[in-house]
Amino acid sequence: MSEVAKEERKKRRTLVLRPSSRTINISVSGIHGVHQSTRDTNGFICPSRKSFSLGGGSKVLEKSALQTPRQVVRVIDEEDNDVTPQPLYQADPAAAQAKASRFFLDEISAGSASDQTTATGSFSRPFSRSIFGSSRISSQSTIESLNEEIEDTFSKRDLPINFPDVPGKRDTVKEHVTEDMLREVTDVYISETDSMSLLDIPSTFVSVDADDAEAIMERNHQYAELCRNRMADDKYVDRSVQTLNGAAKNKHVQSDSILMVDSATTVTTWDMYDTLTCPEQWEEPGSQVPGRSEGPEAGLDPSRGAERSVSVGSTASSASAASSLKEVEAFGSALTAESDQQRIMQSDRFHHCLLVMERSLLGNTFQPKLAAYRQLPVTQDPDCVMKPGMVEQREQEAQSPPSPAVECLWAFSCELSRGRSVSSMAWNKKNPDLLAVGYGEFGSSNQKPGLVCCWSLKNPTWPERAIQCGSAVTSLDFSSNNPSQLAVGMQDGCIDIYNVKSPESKACVLSSSDCPNRHLDPVWQLRWTQQELSLTGEEEVESLFSVAADGRISEWFICGSGLDCIDLMELKKTQPAKKKAGGTKTESVLSALTPGLCFDFHPTDSSVYLVGTWEGLIHKCCCSNNQQFVDTYRKHFCPVNCIIWSPLSPDVFLSCSSDWTIQLWKQDLHRPVLTFSSAQAAVCDIKWSPKWATVFGAVNEGQLEIWDLNFSLLEPVIVQPAAGTVKMTTLLFALQADCVLVGDSDGHVAVYQLQNPQVGEGSQVDLLEAIIRSAAPRQL
Amino acid sequence: MAGIEYGEVEETLKRIEAHKGVIGTIVVNAEGIPIRTTLDNSTTIQYAGLFRQLTMMARSTVREIDPQNDLIFLRLRSKKHEILVAPDNDFLLIVIQNPCE
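As the structure is a computational prediction, the values presented were derived from the model and not from experiment. (Residues numbered from 1 in each chain as written. Chains lettered and ligands numbered in written order. Predicted model: local features only at pLDDT ≥ 70, side-chain atom pairs only at ≥ 80, totals over all residues. Heavy atoms only, no water.)

Trainee: With reference to specific residues and values, describe the sheet that holds strand β3 (residues 74-77) of chain B.
Mentor: Within the open sheet, the five strands sit side by side as β2-β1-β5-β4-β3 (chain B). Their pairing is antiparallel. The open sheet is flanked by β2 (34-37) and β3 of chain B, the only strands paired with a single partner. Taken pair by pair, the neighbouring strands of this sheet meet at an average axis angle of 15 degrees, ignoring direction. Sitting on the sheet, helix α12 (residues 348-373) of chain A touches β1 (22-29), β3, β4 (82-87) and β5 (91-97) of chain B, and the angle it makes with β5(B) is about 15 degrees. Helix α2 (residues 41-65) of chain B contacts β1, β2, β3, β4 and β5 of chain B of the sheet and is inclined by roughly 115 degrees relative to β5(B). (Pairing = 2+ DSSP bridges. Helix = DSSP H or I, 4+ residues; strand = E, 2+ residues; numbered from the N terminus. Axes fitted to C-alpha atoms, helices over the stretch in contact; angles between N-to-C directions. Contact = heavy atoms within 4.5 Å.)

Quick look at the structure:
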């Protein structure tokens, strides 16, 4: 009650402030009157917004009134119950005020123009209707008619009714959804709700057997009676009532158009698998990369589809083939491309990819050669254009009977190695495709630091590893226990052990440079050998043995961070002319030891080994006896360059020397069984073939010779002269192929394939035995 | 891995580019933008775009058959030359070689 009174008081206040016209006055009083009446009738809703309620007499409202604090309108009915309807809409008061004020000013002008008495409801009604959609309309017909009139004016006016934003979308504070929250496993429990009764119309049928059936039946009877008598009765009069139809009003509502985005994905098996197995590595969603490539260079790509950038995760349809070019920006995109480039170039995987790529490329180029090496049938490239010269050559080859020859397949060489002389080569024990080559010039004035290159068969153009060494490399060997360990012996007597597994480590793992017992002269040969019983008593321990120019044969083992050695043997000079130890002054000046140039362990009994010396003597020694030689073989009168046991035939070994000869020995005989000499040059290297017992290869400076004892004892089967002025220095047989590797003084390691060797089946061991037996009696 | 030097990678790339029979080399980043190439602009972009799609299709095929599998190398032999593609999540390495030379 007090609220309404307050309202009225306000109205009076406003009246005072504003110069009121007569019409207004009337209206105001009218308002009052109406208001009073409405109060009584109370069919009317006043919107609770204060401005609107005041707007009942809105003509007189002014801004000041609007700014009054909000009053709540309460509707009280006859019984003084508060039937104030709750608003359907709670608008932002500030916004509402601003906009409402505008409205009202307009309205006022409209109202004054129309010059009509207004009812309280009229002005607010359009408002209320528009806001609330539909509101209860008072049943007062007078108000109705007035309303209709006002409506017309309003519709004619076409007022820009700016309602404050109906919060159709409430600005609820969005809870910030974090990643963690998304990842949380939430349990959703689904349970049955209680039954909600939406409509319950109890039936009006009553069973005949019910308790109060009697009473009901009685009543029904009475009612039927009444109905029948109704016609003539004065008590009941027919009367019609018409329900008034509410005036319908059309209303348009406009909302912001909802943005629709088409999204599609192709579900693939692996997509599901990926999401299942690694949910934290979700691919970026296939949504568009906005605007990246909106402006490719003009004319570069005419076809623009609506294609979005697809991540690797989803597939692009073939239809969008051309449009994907849209994604590609011109080279002008500087920064991102730069950083990308850096990142990519330094990534591990890129490096690996490059490796694979290089090998594939080389595989393409070298395919025939590698196939020949691996003894696979060489396929002709069908699209390869045959040069005319080659055709003739092939014809010739087909015609002539095959004779043993070597064909050069390829040569390992690169810029690093060019110009250096190959001093030693060794196959990796575990991976037969890896070859270690040591380069070093010795005897020449320019002491270039040595180089060790690890070549892979798959890449003949660039070594897998290139290690710079302290001084010229004289020997190397791979370990069998640790296949990635490579021992390198150098000209200054140092022995370094490198680990070639990882590409980064260029420094040696172990070095003997700090060892006090180290060799002071070039280490001519190194060998890793497994001893049955090593010094420490463990079985199958591998030890490194070396023979050096200072006349010592040493066994090396790891001591602390370096190597330490134990002398296995000292090569004392055994020339009878000289006195033994402790002699004249001349003796003490000269070293009592003679340089050892080569050695080899017996293939089966690794405690026995042979040493070749500078004097030309070959000593047989035993690991357990480090004072005396077991045996001595004399024949050479020049330094023995290489000694090698036959891998297939026991007790047979070969030796070659600078006296231009190669000698074949049997262990028990003190005289060589056979002597071979073909060229007048020092034989640098000699090797048995791993496959045939009667075949061995030798290099002297000018040529490569392959001997087959079965074929001829006087001449090599195959002779391959060196190219140009290059000197051949080392030789190595390939283990699983009929190939021979020859190193020369220019840094090339040429791979020759033995063609048509004309060796019989089997390893020919018996043949060799036979030859030796037939030759042996001659020597004894 | 920090151990791989930029210089070494650069060297290897140069070796590949200078290899006998290699017509061109293209390195494409994850978005399909060529970041290094020895061919001309339009050809590069064409190759990059086309091969990116082909690689994605190839990878999809391989993984569709067995999701634990993945594509590591793709070689396309045509009449005139051979195109080798080394795909990866972050990049694409394309080399065009004429093996008959």
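Trainee: Account for the side chain of B:Q97, naming residues and giving values.
Mentor: Turning to its location among the elements, B:Q97 is positioned in strand β5. A relative accessible area of 0% places B:Q97 in the buried class. At 3.2 Å, the side chain of B:Q97 and the backbone oxygen of A:L361 are in polar contact. There is a polar contact of 3.3 Å between the side chain of B:Q97 and the side chain of A:T365. The contact partners of B:Q97, leaving out residues within four places of it in the chain, are A:L361, A:N364, A:T365, B:H19, B:K20, B:G21, B:V22, B:I23, B:H81, B:E82 and B:L84. (Buried < 20%, exposed > 50% of the residue type's maximum accessible area, 1.4 Å probe, protein only. Polar contact = N/O pair within 3.5 Å; in protein donor to acceptor, adjacent residues only side chain to side chain.)

Trainee: Account for the packing of aromatic side chains, with residues named and values stated.
Mentor: Residue and element names in this part refer to chain A. For the coordinates displayed, the defined rule picks out 16 aromatic pairs over all chains. Between W410 and F412 the ring centres are 5.9 Å apart and the planes differ by 85 degrees, which places this aromatic pair in the edge-to-face class. Every member of this aromatic cluster is reached through a ring pair, and the members are Y373, W410, F412 and W455. (Phe/Tyr/Trp six-rings, centres within 6.5 Å; stacked < 30°, edge-to-face > 60°.)

Trainee: Can you break down the environment of B:P87 residue by residue, with the values?
Mentor: Within the secondary structure, B:P87 is located in strand β4. Spatially, the C-alpha atom of B:P87 lies 9.7 Å from that of B:F51, the residues being 36 residues apart in sequence.

Trainee: Requested: an account of the packing of α12(A) against helix α1 (residues 6-18) of chain B, with residues and values cited.
Mentor: Closest axis-to-axis distance for the α12(A)/α1(B) pair is 10 Å, and the angle between their directions is 25 degrees. Between α12(A) and α1(B), the angle is such that the two are roughly parallel. Crossing geometry of α12(A) relative to α1(B) is assigned as left-handed. Where α12(A) abuts α1(B), its residues A:F350, A:H351, A:L354, A:M357, A:E358 and A:L361 lie against B:E8, B:V9, B:T12, B:L13, B:R15 and B:I16. Grouping the amino acids of the contact of α12(A) with α1(B) by side-chain chemistry returns seven nonpolar, two polar and three charged. (Parallel < 35°, antiparallel > 145°, perpendicular 65-115°, else oblique. Left-handed = near helix turned anticlockwise from the far one by under 90°. Nonpolar A, V, L, I, M, F, W, Y, C, P; charged D, E, K, R; others polar.)

Trainee: Run through the side chain of B:R36, naming residues and quoting values.
Mentor: By the element assignment, B:R36 lies in strand β2. Here B:E17 takes part through its side chain, which lies 3.1 Å from a polar atom of the side chain of B:R36. Once residues within four sequence positions are removed from consideration, B:R36 is found in contact with A:Q341, A:M345, B:E10, B:L13, B:K14, B:E17, B:T25, B:I26 and B:V27.

Trainee: Kindly report on α12(A), identifying the contributing residues and their values.
Mentor: Residues and elements named next belong to chain A. Given a rise of 1.5 Å per residue, 26 residues ought to cover 38 Å, yet the end C-alpha atoms of α12 are separated by just 32 Å, more than 12% below that figure. In α12, a bend of some 75 degrees at F366 exceeds every other bend along the element, and P368, a proline, comes one to four places later. Following α12 by one or two positions, Q375 has its phi on the positive side, about 60 degrees. (Expected span 1.5 Å × (residues − 1). Bend = angle between axes of the 7 residues up to and from the residue.)

Trainee: Explain the pairing of β5(B) to me, and be specific about the residues and the numbers.
Mentor: Residue and element names in this part refer to chain B. β5 sits mainly inside the fold: seven of its seven residues count as buried. Pairing of β1 with β5, which is carried by seven bridges, proceeds in the antiparallel orientation. Bridge pairing links G24 to I96 in β5. Pairing of β4 with β5, which is carried by six bridges, proceeds in the antiparallel orientation.

Trainee: Quick one: what's the story with a nonpolar patch on the surface, residue by residue and with numbers?
Mentor: On the surface, a cluster of nonpolar side chains totalling about 280 Å² of accessible area is made up of A:V177, A:M181 and A:L182. Position of A:L182 among the secondary structure elements: in helix α8 (residues 179-183). (Patch = residues over 30% accessible without salt bridge, like charges linked within 9 Å, V, L, I, M, F, W, Y side chains within 5 Å. Areas by Shrake-Rupley, 256 points an atom, 1.4 Å probe, with all protein chains shown as cover. Salt bridge = Lys/Arg side-chain N within 4 Å of Asp/Glu carboxyl O.)

Trainee: How would you summarise the sheet that holds strand β24 (residues 703-708) of chain A if you had to cite specific residues and measurements?
Mentor: Residue and element names in this part refer to chain A. Spatially, β22-β23-β24-β25 is the arrangement adopted by the four strands of the open sheet, whose pairing is antiparallel. At either margin of the open sheet sits one strand with a lone partner, and together these are β22 (683-688) and β25 (718-721). Strand-to-strand, the axes of this sheet are offset by a mean angle of 15 degrees, without reference to chain direction. In this structure, β24 lies alongside β25, joined through four bridges in antiparallel fashion. Residue E705 lies in a different strand from β25, and its bridge partner there is V719.

Trainee: Give a detailed account of the confidence of the model for chain A, specifying residues and quantitative values.
Mentor: All names here are of chain A. Within chain A, residue pLDDT values average 70, and 63% of them lie at 70 or more. Predicted confidence for residues 149-160 stays below pLDDT 50, and this span has 13 contacts to residues more than four positions away or in other chains. Throughout residues 576-589 the model reports pLDDT below 50, and contacts reaching past four residues in sequence, or to other chains, amount to four contacts. (pLDDT = per-residue confidence, 0-100.)

Trainee: Lay out the pattern of salt bridges with the relevant residues and their values.
Mentor: Residue and element names in this part refer to chain B. Summed over the entire model, instances satisfying the criterion amount to 19 salt bridges over all chains. E10 serves as the salt-bridge partner of K14, at 3.4 Å between the closest nitrogen and oxygen. Note that K14 and E10 are positioned in helix α1 at a spacing of four residues, about one turn of the helix. Judged by relative accessible area, which is 15%, E10 ranks as buried. Salt bridges sharing common partners tie together E10, K14, E17 and R36.

Trainee: How would you sum up the nonpolar core? Please name residues and give values.
Mentor: Residues and elements named next belong to chain A. Residues Y373, W410, F412, L435 and L741 are the most contacted members of the largest nonpolar core, which totals 27 residues. The set of elements that each furnish at least two residues to this core consists of α12, β1 (405-412), β2 (422-427), β3 (434-439), β4 (451-456), β27 (739-744) and β28 (749-755). Within the second largest apolar cluster, 23 residues are counted, among which are L654, L664, F696 and I772. (Core = buried A, V, L, I, M, F, W, Y, C linked by side-chain atoms within 4.5 Å.)

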